[in-house]
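# Report on the structure
Chain residues, written in single-letter form:
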Amino acid sequence: MTAAADPGRRHPHRHAPTPADPTDAFGWGRVAALFVPHRARVAGVVLLVLASSLLGVVNPLLIQRIFDQALFGDTGLDLDRLWTLVAIMLVVALGGGVLGVLQTVQTNRLGRRVLRELRNRLYTHLQSLPLSFFAGARTGDLQSRISSDVSSAQNAVTSSLSSILSNAVTFVSALVAMLLLSWQLTLVMLVTIPLFVLATRMVGGRRERITREAQQQTAEMTVITSETLSLSGITLAKLFGQQDREIGRFTDVSDRLAVSAERQQVIGQAFFTVVQTFLGATPILVYLAAGYALNGGTELTAGTIVAFTTLQNRLFFPVARMLETFVELQSSRALFGRIFSYLDIRSDIVEADEPVDLAPEAVRGVVEFDHAHFHYPDSELATITDLDVTARPGQLIAFVGPSGAGKSTVLQLVARLYDVDDGAVRIDGHDLRDLSFATLARSVGFVTQESYLFAGTLRDNIRYGRPDATDEEVRAAAEMAAIHDRILEFADGYDTVVGERGFRLSGGERQRIAIARVLLSDPKVLVLDEATSALDTASERRIQEALSTLVSGRTTLAVAHRLSTIQAADVIHVIDHGRVIESGSHEELLAAGGAYRGLYDEQFGGGEVETHCADGVVLADGSLQRPDGVVPRALRRTPAA
Ligand SMILES: Nc1ncnc2c1ncn2[C@@H]1O[C@H](COP(=O)(O)OP(=O)(O)OP(=O)(O)O)[C@@H](O)[C@H]1O
Ligand SMILES: [Mg+2]
């Protein structure tokens, strides 16, 4: 199958996947959908909220009876009746308390469940995104999406959900109760509500702005800290003496955050004061209104007036809470929008609908680039052009070329870290896009240019690809990778914990751990991106040992920087600007005197820099590099081969 025969797979103008505009991604329907799996619990919460809010109006109404029937009734004091009413009030109060606790517990439980699901879904989704997404993403951003955004959004919604409901019910029930008591007084009350709303809105609007500001500053601070306090970030700052600048950047945001926090508090206090003032002032209005009503001949009992002032709290407070809640919901729109925009990013590297699964034994290890073309998303330039290379089982294929030529990119295509734009990459004749991810991961082993060790023990790092490997297998792999002896030198041996990036290991040691890791998973196809950096001589030698074990019995595609790897290669492809410009064996290419010859002369001084002899490698200055160290030229007994 040639590229032209399969035009459906062209992606001429690809963009790196980035989150869309959060406002577009947002929708209340999507938020509601998060609660659908929990509808039973939602219904439970709703019932509890209704019950406890409705129960709240019972006691104020009973107060009226206590005054008008038990304490100051037509027949004077009625103690029996008082006892009955007081007993009912007590039961109602207790019942309200219990319902309140149940409601809080259930709401929080619901919130936690939805939160957990959303968080897990987001993480699972991020795991599925292609490399190109992470190449463009800021780490701190992703962290705050998962840790703070999800929980703030969720909290806002669950607390808002019950808050709006309970406050609405409280408001309406209080209003009905008030109307039952006295419609005249109720009318007076209702007139004040617009005033109250206006006053709180004025304060609320500012409060909203400042809260948003503070959220942005917090996010900014997370990004700064996670970047600059990472090992690479801090190393960079120290090496370039730029710590003052980083401190300046941080303190700037931190200071602004402090200012916002203070303003937030002042405004919060102002909001509270407005509500308090209203609550304090309205009974005055009720007494005045009652006076005029009585004066005008309306019948009003003392009990009604007391009950009325008690109910008042249940009118203004819900209004204040609902106004606040709407503000919270507004800000949670932004949070949810951001989360949804990440969930909406579609991965362009997905498993086929009916993926081909190959049994590990069945893989032969033929790797074939069929007129492959590739460019990085958002990049105008073609990185790989018309690559047509085949590696037969057991062969060692080397790619050499100047820095930035596209060598690492070629290797990434073999592991399907990126998909080709045109043409195909195949293993045993199967297009990588048809193979299952599991088959791909099993068949292709990758030793990257920089070996990443996660925080954990050396043993766990080695058996990352095969968590079920026994200690013996781990040890055997480490021995083959020439790292076993070094591991035993650590006090904790295989249980030595390495830092986030395995900082306690040297570059060469890290690489040998990475080699052991791949050896243990025993893939048929090996992809090897040799480090460009020169290693210390002893390490270099051991890596060579480790590599020779690694490549045997596998198809290897290697970006080669070591002479030994290059010399061992069956075919060498010279890559320049993403194209193969020369191919052949080491000797053939040297004899041809083309680009390879130039590279070789440059990198290895035309063979004078390193030559092999029985004891080791002879370096340019005439010293001998042996497995146990370097022997200076003056001390060498055997002449260079
Ligand atoms: N994620 C990326 N997005 C956009 N461009 C990229 C990306 N990764 C690499 N490139 C570009 O693609 C080109 C090839 O990069 P590649 O890493 O394949 O080079 P290389 O041959 O491995 O170089 P070196 O020998 O220095 O490792 C370079 O110009 C590089 O800047
Ligand atoms: Mg590279």
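## Let's talk about the overall build of the protein
- Scanning the protein from terminus to terminus reveals 21 helices and 16 strands.
- Sequence separation of 24 or more characterises 78% of the internal contacts of the protein that already satisfy a separation of 6 or more.

## Remarks on the site of ligand 1
- Around ligand 1, the surrounding shell holds 14 residues, and the nearest of these are Tyr-376, Ser-403, Lys-407, Ser-408 and Thr-409.
- Per element, the largest residue contribution to the shell around ligand 1 is three residues, and it comes from helix α12 (residues 407-414).
- Among the residues forming the shell around ligand 1, the class breakdown is three nonpolar, ten polar and one charged.

## Quick look at unusual backbone geometry
- Unusually for a residue other than glycine, Asp-428 sits at a positive phi of about 50 degrees.
- For Asp-428, the location among the structural elements is in the loop between β4 (422-427) and β5 (430-431).
- The phi dihedral of Ala-482 is positive, around 55 degrees, even though this residue is not glycine.

## Examining the confidence of the model for the protein
- Residue-level pLDDT values for the protein average 84, and 90% of them are 70 or greater.
- When the criterion is pLDDT under 50, residues 1-11 qualifies, and its contacts beyond four places in sequence or with other chains add up to nine contacts.

## Concerning the packing of helix α15 (residues 471-480) against helix α17 (residues 507-521)
- One can describe the packing of α15 onto α17 by two numbers: an axis separation of 8 Å at closest approach and a directional angle of 125 degrees. It follows that α15 is oblique to α17 by the angle criterion. Between α15 and α17 the crossing geometry is right-handed. Residues Glu-473, Val-474, Ala-477, Ala-478 and Met-480 of α15 pack against Ala-516, Leu-519 and Leu-520 of α17.

## Quick word on α17
- Compared with the 21 Å implied by 1.5 Å per residue over 15 residues, the 22 Å span of α17 between its first and last C-alpha is a close match.
- For α17, the tally of buried residues reaches 13 of 15 residues, placing the bulk of the element in the interior.
- Directly after α17, the chain includes Asp-522, whose backbone phi takes a positive value near 50 degrees.

## What to know about the nonpolar core
- By size, the foremost hydrophobic cluster in this structure holds 68 residues, and its most contacted members are Ala-398, Ala-481, Ile-515 and Ala-516.
- When residues of this core are assigned to their parent elements, the largest contribution, seven residues, is made by α17.
- In contact with Ala-481, not counting residues within four places along its chain, are Arg-512, Ile-515, Ala-516, Leu-519 and Ala-546.
- With 24 residues, the next largest nonpolar core counts Phe-171, Phe-271, Leu-315 and Phe-316 among its residues.

## Focus on the sheet that holds strand β3 (residues 396-400)
- Pairing is mixed across the open sheet formed by six strands, whose spatial order is β6-β9-β10-β3-β11-β12. For this open sheet the edge positions go to β6 (444-447) and β12 (579-584), each flanked by a neighbour on one side alone. Here the average twist between neighbouring strands, direction ignored, is 20 degrees.
- Pairing between β6 and strand β9 (residues 525-529): four bridges, direction parallel. Along β9, the bridge assignment pairs Val-444 with Val-525.

## Brief notes about the packing of helix α4 (residues 58-71) against helix α11 (residues 302-343)
- Running from N to C, α4 and α11 point in directions that differ by 155 degrees, and their axes come no closer than 7 Å. When the axes of α4 and α11 are compared, the pair comes out roughly antiparallel. Both α4 and α11 take part in a crossing whose hand is right-handed. On the side of α4, the interface is formed by Pro-60, Leu-61, Ile-63, Gln-64, Arg-65, Ile-66, Phe-67 and Asp-68, while α11 contributes Ala-302, Gly-303, Thr-304, Val-306, Ala-307, Thr-310 and Leu-311.
- Across the contact of α4 with α11, the residue classes tally to nine nonpolar, four polar and two charged.

## Quick notes on the sheet that holds strand β2 (residues 384-391)
- Within the open sheet, the four strands sit side by side as β2-β1-β4-β5. Their pairing is antiparallel. Since the sheet does not close on itself, it has two edges, and those belong to β2 and β5, each with one partner.
- Seen against the sheet, α12 touches β1 (367-374), β2 and β4 and runs at an angle of roughly 120 degrees to β1.

## As for the environment of Arg-112
- Within the element layout of this structure, Arg-112 appears in helix α5 (residues 79-128).
- For Arg-112, a count of 14 C-beta atoms within 10 Å corresponds to the partly exposed category.

## Considering the environment of Val-45
- Locating Val-45 in the fold gives a position in helix α3 (residues 39-55).
- Each C-alpha atom, one on Val-45 and one on Asn-108, is 9.9 Å from the other, the two residues being 63 residues apart in sequence.

## Notes on the pairing of strand β11 (residues 571-576)
- Taken together, the four bridges between β3 and β11 define a ladder with parallel strand orientation. What sits directly across from Ala-398, in β11, is Ile-572.
- As defined by bridge partners, β11 adjoins β12 across five bridges and the pair is classed as antiparallel. Paired with Ile-575 across the two strands is Val-580, which belongs to β12.
- Here β11 folds back onto β12, and the loop between the two strands holds two residues, one of which, His-577, carries a positive phi near 45 degrees.

## Points about the pairing of β9
- Along β9, five of the five residues are buried, which leaves the element largely enclosed by surrounding structure.
- Across the two faces of β9 the burial is the same, with Val-525, Val-527 and Asp-529 and Leu-526 and Leu-528 all buried.
- The pairing of β9 with strand β10 (residues 555-559) spans five bridges and is classified as parallel. Bridge pairing in β10 places Val-525 opposite Thr-555.

## Some thoughts on α5
- Across its 50 residues, α5 extends 73 Å between first and last C-alpha, which sits within 8% of the 74 Å expected from 1.5 Å per residue.
- Along α5, the residues classified as buried are Leu-99, Gln-103, Thr-107, Leu-110, Gly-111, Val-114 and Leu-118.

## Observations regarding the environment of Asp-570
- Within the secondary structure, Asp-570 is located in the loop between α19 (563-568) and β11.
- Asp-570 gets classed as partly exposed once you count the C-beta atoms within 10 Å, which come to 14.
- Measuring from C-alpha to C-alpha, the distance between Asp-570 and Ile-397 comes to 5.9 Å, with 173 residues separating the pair along the chain.

Cut-offs and rules
Residues numbered from 1 in each chain as written. Chains lettered and ligands numbered in written order. Predicted model: local features only at pLDDT ≥ 70, side-chain atom pairs only at ≥ 80, totals over all residues. Helix = DSSP H or I, 4+ residues; strand = E, 2+ residues; numbered from the N terminus. Contact = placed C-beta atoms within 7 Å. Near = placed C-beta within 6 Å. Nonpolar A, V, L, I, M, F, W, Y, C, P; charged D, E, K, R; others polar. pLDDT = per-residue confidence, 0-100. Axes fitted to C-alpha atoms, helices over the stretch in contact; angles between N-to-C directions. Parallel < 35°, antiparallel > 145°, perpendicular 65-115°, else oblique. Left-handed = near helix turned anticlockwise from the far one by under 90°. Expected span 1.5 Å × (residues − 1). Buried ≥ 20, exposed ≤ 12 C-beta atoms within 10 Å, placed from the backbone. Core = buried A, V, L, I, M, F, W, Y, C linked by C-beta atoms within 7 Å. Pairing = 2+ DSSP bridges.

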